[in-house]
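Letter by letter, the chains look like this.
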Protein chains: 2
Amino acid sequence: MQNDSAIKRAGDVDVRVRHSKEAVMTTTYALLAEEGLAGVTVDAVARRSGVAKTTIYRHWPSREALLLDVCAQMGPHFDIPDAGSLPDDLRALAHRVVEQLLSGPYAAILLSLMDAAERNPHLAALLAAAQTKLVEAVHAILVRARRRGELRRLPDPSNTAALILGPLLYRRLFSHERLSEAFFELVIDSVVR
Amino acid sequence: MQNDSAIKRAGDVDVRVRHSKEAVMTTTYALLAEEGLAGVTVDAVARRSGVAKTTIYRHWPSREALLLDVCAQMGPHFDIPDAGSLPDDLRALAHRVVEQLLSGPYAAILLSLMDAAERNPHLAALLAAAQTKLVEAVHAILVRARRRGELRRLPDPSNTAALILGPLLYRRLFSHERLSEAFFELVIDSVVR
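I will try to describe carefully the structure that is included in this document. (Residues numbered from 1 in each chain as written. Chains lettered and ligands numbered in written order. Predicted model: local features only at pLDDT ≥ 70, side-chain atom pairs only at ≥ 80, totals over all residues. Heavy atoms only, no water.)

What follows covers unusual backbone geometry. In this structure, H176 of chain A is a non-glycine residue whose phi angle is positive, near 55°. H176 of chain A sits in the partly exposed class, given a relative accessible area of 36%. (Buried < 20%, exposed > 50% of the residue type's maximum accessible area, 1.4 Å probe, protein only.)

Listed below in structure tokens is the structure:
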């Protein structure tokens, strides 16, 4: 009996720990989206999540460790499209990237990260990891197109990624112009030709 | 005599005012480049420039007014290239934009602005003004190429701007890959074809 209730109590503690970690991460994400990186202080996270600062520091040794954890968990999780042709695959990937990286709260978070990465090599490494995932996805799409005979030679996937994602990033984060379906088409066309 | 020295004194005041305004703006720019938008407080500017806070507030009613003034004066100020052919003109423009917007301290400032523009419509308007200057330059280049018979029809200059500047922005601010001469060539080629 004593063992059972000890296990039960340990289980309760696990659940409580999990809940408070989730609350801290959700709050951090919300603050990031609303106020940018500068708005995320451990004080603000504690106040809004209701989790004590000491508890936050038990799980994450620093504000930066918390930010890195939250950003790493958020960052692009897309499966690689397989729509049957090179333009369709690239278009589908472009749409996924826009939905996952450049829409809603994530756009503001991405910019905050890009800004802070200019001064912080840990955050720059996080961006580089996101970029690697993107380039891997483009590479898989290009290899498949090459096998289908759509490409005579395999282009550098990091060049292809920059040519496709660059104009989307530019419109969404710099010029604030609308990303129309016609613009996606133009971007894919300029790469596939 | 009395009038002369009154004029002289007024002239001295003008020079002092101009010097202190310049010191404030130079310091603001330096702080922006080193620490991003969050690093620019009126306190920090006063401390570093040696200009009293009351004097700063006499010239700019708020921190934001100071930031807007500094950013508006900084850039971009490029003349439109006229190298004799469409690819050469676009390549020259791309180089100037990279030098003026995406190099040295300006890259970090631009990112800070892009980040803050997500939450601040005044800063978003400042970016839009920079984008308008870029599109006007691209438009002038395209019109000249059309007159020379290099283009059958005039493409939308804002599309051309996004296709050229997007990949450069992506490499410089997101993926932190090198902007090689071969990459410039690839970008211009993908647009001109």
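Still to come is the rest of the account.
Running from N to C, helix α8 (residues 157-175) of chain A and helix α9 (residues 181-192) of chain B cross one another at 50°; their axes reach a closest spacing of 11 Å. By the angle class used here, α8 of chain A and α9 of chain B are oblique. You can see that α8 of chain A and α9 of chain B cross each other, and the crossing is right-handed. Here N159, A162 and L163 of chain A of α8 of chain A lie close against α9 of chain B, whose contacting residues are F183, L186, V187 and S190 of chain B. Considering only residue class, the contact of α8 of chain A with α9 of chain B consists of 5 nonpolar, 2 polar and no charged. (Axes fitted to C-alpha atoms, helices over the stretch in contact; angles between N-to-C directions. Helix = DSSP H or I, 4+ residues; strand = E, 2+ residues; numbered from the N terminus. Parallel < 35°, antiparallel > 145°, perpendicular 65-115°, else oblique. Left-handed = near helix turned anticlockwise from the far one by under 90°. Contact = heavy atoms within 4.5 Å. Nonpolar A, V, L, I, M, F, W, Y, C, P; charged D, E, K, R; others polar.)

Bringing the interface of chain B and chain A into the picture now. Contact with chain B, which involves 41 residues of that partner, is made by 41 residues of chain A. Looking only at chain B, the three residues that lose the most surface to chain A are E118, Y170 and F174 of chain B, adding up to 20% of its buried area. Put simply, chain B and chain A have 2 salt bridges between them. Note that R172 of chain B is salt-bridged to E118 of chain A, the shortest N-O span being 3.5 Å. At the surface where chain B touches chain A, the tally comes to 13 residue pairs in polar contact (both at pLDDT 80 or more). Elements that contribute at least two residues to the side of chain B that touches chain A include exactly α1 (2-35), α6 (104-117), α7 (121-147), α8 (157-175) and α9 of chain B. It is α8 of chain B that contributes the most residues to the side of chain B that touches chain A, 15 residues altogether. (Buried area = accessible area lost by both parts, 1.4 Å probe. Salt bridge = Lys/Arg side-chain N within 4 Å of Asp/Glu carboxyl O. Polar contact = N/O pair within 3.5 Å; in protein donor to acceptor, adjacent residues only side chain to side chain.)

All right, on to the nonpolar core then. Across soluble globular proteins, you tend to see nonpolar side chains buried next to one another. If you look at the biggest cluster of nonpolar residues, it comprises 123 residues, and the most contacted ones within it are M114 of chain A together with L110 and M114 of chain B. Beyond its immediate sequence surroundings of up to four residues, L110 of chain B is in contact with F174 of chain A together with L101, L102, L127, L169 and L173 of chain B. (Core = buried A, V, L, I, M, F, W, Y, C linked by side-chain atoms within 4.5 Å.)

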